[in-house]
Amino acid sequence: HSIEAQYAYAWNTKGGSDTPILARGGSPGAGSGTGGDAISLAYVYDFSKRTSVKVAYVRVDNDRNTNLYYLGNAPRPIGNGQALDAWGFLIKHNF
């Protein structure tokens, strides 16, 4: 058995630029409300040396002026100031 946890925090962007920081997610420029955070927790149960099951929870939370965080390979990030919760389930067997 094992428990896995991750936490990520993005500070507000700083400086005097009004140029947007865009790619897959980003912010409109420097200022307050341009950060965000993400947390994930998972429980892993090993059935044998080669087979395990994982159940995971993740929450991403963008500040009001950014869409920095998104889940996986989503086609587009969640909106500015939005939060998203998701559950995951994995069965792994090594051959």
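From a predicted model like this one, the values you see are computed outputs, not experimental measurements.

Definitions and cut-offs
- Here the residue index of a chain counts from 1 through its sequence in written order.
- Local features in this predicted model are restricted to residues of pLDDT 70 or higher, and side-chain atom pairs are both shown and tallied only at a pLDDT of 80 or more, whereas totals for entire chains, interfaces and linings draw on every residue.
- As a rule here, side-chain values come from all non-hydrogen atoms in the structure, and water together with hydrogens is ignored.
- Only DSSP runs of H or I reaching four residues or more are called helices, and only runs of E reaching two or more are called strands; each is numbered from the N terminus.
- Per residue, pLDDT captures the predictor's confidence, and it can take any value from 0 to 100.
- Think of it in three bands: residues with accessible area under 20% of the maximum for their type are buried, residues over 50% are exposed, and the middle band is partly exposed, with areas taken using a 1.4 Å probe on protein chains only.
- Throughout, a contact is declared for two residues whenever any of their heavy atoms are within 4.5 Å.
- The definition of a polar contact used here is a pair of N or O atoms within 3.5 Å, where within protein one atom must be able to donate a hydrogen and the other to accept one, and adjacent residues in sequence count solely through side-chain atom pairs.
- Patches in this entry comprise residues that are over 30% relatively accessible and not in a salt bridge; like charges within 9 Å are linked, as are nonpolar side chains (Val, Leu, Ile, Met, Phe, Trp, Tyr) within 5 Å.
- Throughout, the Shrake-Rupley method with a 1.4 Å probe supplies accessible areas, and for residues the shown protein chains are the sole cover considered.
- By definition, a salt bridge exists where a carboxyl oxygen of Asp or Glu is found within 4 Å of a side-chain nitrogen of Lys or Arg.
- Two strands pair if DSSP finds at least two bridges between them.
- Comment: axis = line fitted to C-alpha atoms, over the contacting stretch for helices; angle = value between 0 and 180 degrees taken between N-to-C directions.
- What counts as a ring pair is set by centres within 6.5 Å for rings of Phe, Tyr and Trp (its six-membered ring), and what kind of pair is set by the plane angle: stacked under 30 degrees, edge-to-face over 60, tilted for all other angles.

K.L.:
Would you explain the overall build of the protein chain in this entry?
P.N.:
The helix and strand inventory of the protein chain stands at zero helices and six strands. Ordered by position from the N terminus, the helices and strands of the protein chain form the series β-β-β-β-β-β.

K.L.:
For this particular structure, what's the right way to read the confidence of the model for the protein chain?
P.N.:
It should be kept in mind that the predicted coordinates are not to be read in detail where pLDDT is low. Residue-level pLDDT values for the protein chain average 79, and 69% of them are 70 or greater. Of all the helices and strands in the protein chain, strand 3 (residues 25-27) carries the lowest mean pLDDT, 53, while strand 4 (residues 36-46) carries the highest, 92.

K.L.:
Sorry, what's going on with the side chain of S40 here?
P.N.:
The residue S40 is located in strand 4 in this model. By relative accessible area, S40 is classed as buried at 17%. Apart from the residues within four sequence positions on either side, S40 is in contact with E4, A5, Q6, Y57 and V58.

K.L.:
How should I be thinking about the environment of K54 in this particular structure?
P.N.:
When you line up the elements, K54 lands in strand 5 (residues 51-62). A relative accessible area of 25% places K54 in the partly exposed class. Along the backbone, K54 and S2 are 52 residues apart, and their C-alpha atoms lie at a distance of 9.4 Å. Once residues lying within four places of it in the same chain are set aside, the contact partners of K54 are E4, A42, Y43, V44, G88, F89 and L90. A polar contact is formed between the side chain of K54 and the side chain of E4, at a distance of 3.0 Å.

K.L.:
When you look at a nonpolar patch on the surface in this model, what are you seeing that I'm missing?
P.N.:
Side chains of Y7, Y9, W11, I39 and L41 sit close together on the surface and give an oily, nonpolar patch of about 600 Å² of accessible area. Every element with two or more residues in the nonpolar patch is listed here: strand 1 (2-10) and strand 4. With respect to the helices and strands, the residue I39 is situated in strand 4. On the basis of relative accessible area, I39 is assigned to the partly exposed category, the value being 37%.

K.L.:
Where do I start with the sheet that holds strand 6 (residues 83-93) in this structure?
P.N.:
Hydrogen bonds along the backbone pair up the strands of a sheet, which may run parallel or antiparallel. On the basis of which strands lie adjacent, the open sheet formed by four strands has the order 1-4-5-6 and antiparallel pairing. Two strands in the sheet have a free side with no partner beyond their single neighbour: strand 1 and strand 6. Each neighbouring strand pair of the sheet contributes to a mean axis angle of 10 degrees, computed without reference to strand direction. Relative to strand 4, strand 1 runs antiparallel, the two sharing nine bridges.

K.L.:
I would appreciate a short explanation of the packing of aromatic side chains in the present structure.
P.N.:
Geometrically, a pair of aromatic rings is defined through the distance of the ring centres and the angle of the planes. Here the structure, examined in full by the defined rule, presents two aromatic pairs. Geometrically, the ring pair formed by Y45 and F47 is edge-to-face, given 4.9 Å between the ring centres and 80 degrees between the ring planes. Overall, the relative accessible area of 54% leaves F47 in the exposed class. Centroid distance Y57 to W87: 5.1 Å. Interplanar angle 55 degrees. Geometry classified as tilted. Taken together, the positions of Y57 in strand 5 and W87 in strand 6 put the pair 30 residues apart, joining distant regions of the chain.

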